[in-house]
Amino acid sequence: MNTADAWGFATHEPADTTRNGAAHRPPAHDRPYEPQRTARAALTRILEPGDETAGRWLRDMGPQALWRALSGDADPPPGARPDKIAGLRLRATRVDPAADLAAVAALGGRFLIPGDEEWPGQLDDLGDARPIGLWVRGTANLRYWALRSVAVVGARACTEYGAHLATTLAAGLAERGWTVASGAAYGVDGAAHRGALAADGATFAVLASGVDYAYPRGHTELLGRIAQQGLLVAELPPGDHPTRSRFIQRNRVLAALTRGTVVVEAELRSGSLVTARRALALGRFTMGMPGPVTSGLSAGVHQLLRGEAALVTDADEVIELVGSIGDLGPQRNGPTLARDLLDPVASRVLEALPARGGADTGHLARESGTPRDLAQNKLVELQSLGFVQKCGTRWELARRAEPTGGSRRGGT
């Protein structure tokens, strides 16, 4: 029997009998779900995410006709391989969409389909790989949150440096009113979600399982917090578990939903690079945060940066890329030195002074190409500012030239 923990997550995958048994199936008059939504809910349990062949069938036939075809109540889709149809029809025997819709409703969630007011239209960019529907848990409006969102992804086995970058980046984005999206995995994903939550910001997780299935188990509490304060989003129906291929397909949804993707740390074969490259293919902004050149966990990011990705170091630089006109990051300059404030003539006279020893006014005038009287005046100014000192008839450099201030980035 399926049980749930305090956060409403299944403690194990439900047995098929919870989907098929007559005792568990509500009578027809208790199923208030419109036919198209019901059909799409059923198809999410039959078809794998990102199946473009099935996506073409869905586009050509519509969800209700396709459900009938895959259930054996109608002819199979034209040109479909017999072995594929046989496997899908076997899956269709465990389908009970009304039970799935009731299960997500009991969690305070819902099942979104194309045409809903809350459906994010940017998912249409995926073409036939567009999700059949999205199971959503949480009270926020997914379409509105996704309109101003950034995906922050990276290595599961990240370094302390990577976790720090992801946390501070996510907090900075959240403080500027942006939604932080990620996949709720260990490492960079978890750090990004926590950074947004700590800043009382918006965050949603795109899962490779059902919205009631806590994966990884160590993030059960984090997923519960996201469900309460943000959104959990999945293509798979309640109770379904993640697989390797489902993680890969999950990445396309994360890339399509958001305005841009930032990779914090990634090895050369990291799954987060799949998200970044899918974002590139979809015309989204793709960014990377550099790390030590000796770190294998930054090698994938550096490879990405050598291509079409933009280098970013903080939230301001991310927002400058993905935001609206006028969302510019602060101008970054090095510290301003006192000599930077000198007028051009005074600078020439100062540069004419030898590094060691001194020189008289006539020599400095000739070396700087300045009339003697003007050179004399500038030397007096430089003396009052502490740049030079006079020793008899000769001028020499003073021992100090302090910075007067400037910009500072981060830190204390």
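Check the entry above for the structure.
About the criteria used
- Residues numbered from 1 in each chain as written.
- Predicted model: local features only at pLDDT ≥ 70, side-chain atom pairs only at ≥ 80, totals over all residues.
- Heavy atoms only, no water.
- Phe/Tyr/Trp six-rings, centres within 6.5 Å; stacked < 30°, edge-to-face > 60°.
- Helix = DSSP H or I, 4+ residues; strand = E, 2+ residues; numbered from the N terminus.
- Buried < 20%, exposed > 50% of the residue type's maximum accessible area, 1.4 Å probe, protein only.
- Lys NZ or Arg CZ within 6 Å of the ring centre and 35° of its normal.
- Pairing = 2+ DSSP bridges.
- Contact = heavy atoms within 4.5 Å.
- Axes fitted to C-alpha atoms, helices over the stretch in contact; angles between N-to-C directions.

A.B. asks: Give me the packing of aromatic side chains: which residues, what numbers.
C.D. replies: Scanning all chains against the criterion turns up 2 aromatic pairs. Measuring from centroid to centroid gives 4.3 Å for F111 and W135, while their planes differ by 35 degrees, and the two rings are tilted. Residue F111 is found in strand β1 (residues 109–112), and its partner W135 is found in strand β2 (residues 134–137); the two are separated by 24 residues along the sequence. Overall, F111 belongs to the buried group, its relative accessible area being 4%. Relative to F247, the ring of Y215 lies with its centre 5.7 Å away and its plane at 45 degrees, an arrangement referred to as tilted. Here Y215, found in the loop between β5 (203–207) and α10 (220–229), pairs with F247, found in helix α11 (residues 244–257); they are 32 residues apart in sequence, far enough to count as distant. The partly exposed category is assigned to Y215, whose relative accessible area is 40%. The aromatic ring of F247 is capped on one face by R156, whose charged end is 5.3 Å from the ring centroid. Of note, R217 hangs over the ring of Y213, and the distance from its end group to the ring centre comes to 4.9 Å.

A.B. asks: Run through the sheet that holds strand β6 (residues 231–234), naming residues and quoting values.
C.D. replies: If you walk across this open sheet you meet the 9 strands as β1-β2-β6-β5-β4-β3-β7-β8-β9, and the pairing is mixed. On the outer flanks of this sheet lie β1 and β9 (310–311), each paired with one strand and no other. Note: β1 against β2, 4 bridges, orientation antiparallel. The residue bridging R110 from the neighbouring strand is V136, located in β2. Sitting on the sheet, helix α6 (residues 97–106) is in contact with β1 and β2, with an inclination near 135 degrees to β1.

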